[in-house]
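Residues per chain, in single letters:
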Amino acid sequence: IRKKGIIHNHQQYIKSLENNALRNNDYNSQIILGFHSKLMADTGSAIHWWLMAEKNMLNSKRNILLPAVVQFNLGEAWESGHLRSGSKNSSSNNLMEAAKWFDRSASQEYVPAMLKIGKMYETGIGARKSHSAASGWYGKAAESGSLVGMRKLGIVMYDGMKEAIPNPTTAARWWKEASDKGDPESMVLLGKSFTNGVGVIHDDREAFNLFQQAADM
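Residues numbered from 1 in each chain as written. Predicted model: local features only at pLDDT ≥ 70, side-chain atom pairs only at ≥ 80, totals over all residues. Heavy atoms only, no water.

Before going further, it helps to spend a moment on the overall build of the protein chain. Within the protein chain, the secondary structure is distributed over eleven helices and zero strands. Starting at the N terminus and ending at the C terminus, the protein chain contains elements arranged as α-α-α-α-α-α-α-α-α-α-α. Its C-alpha atoms give the protein chain a radius of gyration of 22 Å, more than 25% over the compact-globule value 17 Å for 217 residues. Based on the C-alpha atoms only, the size of the protein chain along its principal axes is roughly 70 × 50 × 30 Å. Burial status across the protein chain gives 39% buried among its 217 residues. Considering only intrachain contacts with a sequence separation of at least 6, the fraction spanning at least 24 residues in the protein chain is 44%. One finds the centroid of the 26 positive side-chain charges in the protein chain at a distance of 10 Å from the centroid of its 21 negative side-chain charges. (Helix = DSSP H or I, 4+ residues; strand = E, 2+ residues; numbered from the N terminus. Rg over C-alpha atoms; globule rule 2.2 N^0.38 Å. Buried < 20%, exposed > 50% of the residue type's maximum accessible area, 1.4 Å probe, protein only. Contact = heavy atoms within 4.5 Å. Lys, Arg positive; Asp, Glu negative; His and termini not counted. Charge placed at Lys NZ, Arg CZ, Asp CG, Glu CD.)

Grouped together as the largest cluster of nonpolar side chains are 45 residues, with contacts concentrated most on Ile31, Leu66, Leu74, Ile117, Met120 and Leu153. Sorting elements by how many residues they give to this core places helix H5 (residues 90-106) first, with six residues. In terms of nonpolar packing, the next biggest core, distinct from the first, is built from five residues, Ile14, Leu17, Leu33 and Trp49 among them. (Core = buried A, V, L, I, M, F, W, Y, C linked by side-chain atoms within 4.5 Å.)

Turning next to unusual backbone geometry. Positive phi values are uncommon outside glycine, yet Lys61 reaches one of about 55 degrees. For Glu109, which is not glycine, the phi dihedral falls at a positive 70 degrees. Position of Glu109 relative to the elements: it lies in the loop between H5 and helix H6 (111-123). A residue is classified by how much of its surface remains accessible, and Glu109, at 54% relative accessible area, is exposed.

Contact geometry for helix H9 (residues 168-180) and helix H10 (residues 184-196): axes closest at 8 Å, N-to-C directions at 135 degrees. With respect to H10, the element H9 is oriented oblique. As H9 packs across H10, the resulting crossing turns out to be left-handed. Judged by residue contacts, Ala172, Trp175, Lys176, Ala178 and Ser179 of H9 engage Ser186, Met187, Leu189, Leu190 and Ser193 from H10. (Axes fitted to C-alpha atoms, helices over the stretch in contact; angles between N-to-C directions. Parallel < 35°, antiparallel > 145°, perpendicular 65-115°, else oblique. Left-handed = near helix turned anticlockwise from the far one by under 90°.)

Another aspect to go through is the packing of aromatic side chains. Evaluation of the coordinates by the stated rule reveals four aromatic pairs. Taking 5.4 Å as the distance between ring centres and 70 degrees as the angle between the ring planes, the aromatic pair formed by Phe35 and Trp50 counts as edge-to-face. In this pair, Phe35 sits in helix H2 (residues 27-39) while Trp50 sits in helix H3 (residues 43-60), placing the two residues 15 residues apart along the sequence. In this structure Phe35 comes out as partly exposed when scored by relative accessible area, which is 34%. (Phe/Tyr/Trp six-rings, centres within 6.5 Å; stacked < 30°, edge-to-face > 60°.)

Attention shifts here to the pattern of salt bridges. Enumeration according to the criterion identifies eight salt bridges in this entry. For the salt bridge of Lys152 with Glu122, the shortest nitrogen-to-oxygen distance reads 3.3 Å. In this pair, Lys152 sits in helix H8 (residues 147-159) while Glu122 sits in helix H6, placing the two residues 30 residues apart along the sequence. Glu122 shares its class with Lys152; the two are buried. (Salt bridge = Lys/Arg side-chain N within 4 Å of Asp/Glu carboxyl O.)

Time to look at the environment of Lys129. Topologically, Lys129 is positioned in the loop between H6 and helix H7 (131-143). Under the relative-accessibility criterion, Lys129 is labelled exposed at 53%. Put simply, Lys129 and Lys119 are ten residues apart on the chain and 9.4 Å apart in space, counted from C-alpha to C-alpha. Dropping the residues within four chain positions of it, Lys129 is found in contact with Tyr121, Glu122, Thr123, Gly124 and Met161.

Everything listed is a geometric property; what it means functionally is a separate question.
Printed below as a string of C-alpha cells:
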C-alpha cells in the first residue's frame, strides 16, 4: 500500500510539473521534466523539455543559462544524432552544433564538457584543430583535478601540433601528477618517457616501477 502511495504521489508531482511547464511556460519545471525523461531513458522527451526551457529562458530576457549538465546532454544529443541538422553536410553540422553546446557547458566549469571540447580541438572533429584551444581546455580540466585532463594535456604537450613545438618536459610533469594520483594510463606514458629519456632523465628502474604499478591496478 505504501509503495502504491509513493507511486501515486510521484505521478501527481509529474502531472503538476507538466501543467506548470505547459500552461505557465515555467522553465524550471521543464528542466526537471527533462531530467525525469532522461532518467526514464526517454531521450527524445528530455531533449524536447530542455529545448523548450532554453527558449523560455531566452524569452524571459533575464540572462539565465541552462544548467551546465543540460547543455552537455544537448551537446551529446547533437553528437549522437538524436538532434540533426537538415542541411546537406548534416554530419559535419551536427558536430559543430555539439561543439557549441560543449563549449557553453565547459564555460560553466563542467569538467566532462571541458574534456569533450578539448578532444574536438585536438582532433579537429567538430571544431578547427587548435593546440592552444585543446591544451587550454585540457588544462582547465586538469586544474579542476581531472586525471583524464592531466593525461590528455600531457599528450598534446608531448605531441605538439602544427602551431606548437612539442614539450615533453611539461608532458612528463602532468603525467607525474596524474600518476601520483592513481591514473594507470599516465603511469604507462610516464614509464615510456623514462625508458626513452624524453622529457625526463633516462631511468629504466623508474620505468619498470611505473609499469608495475599500472599493471597492479
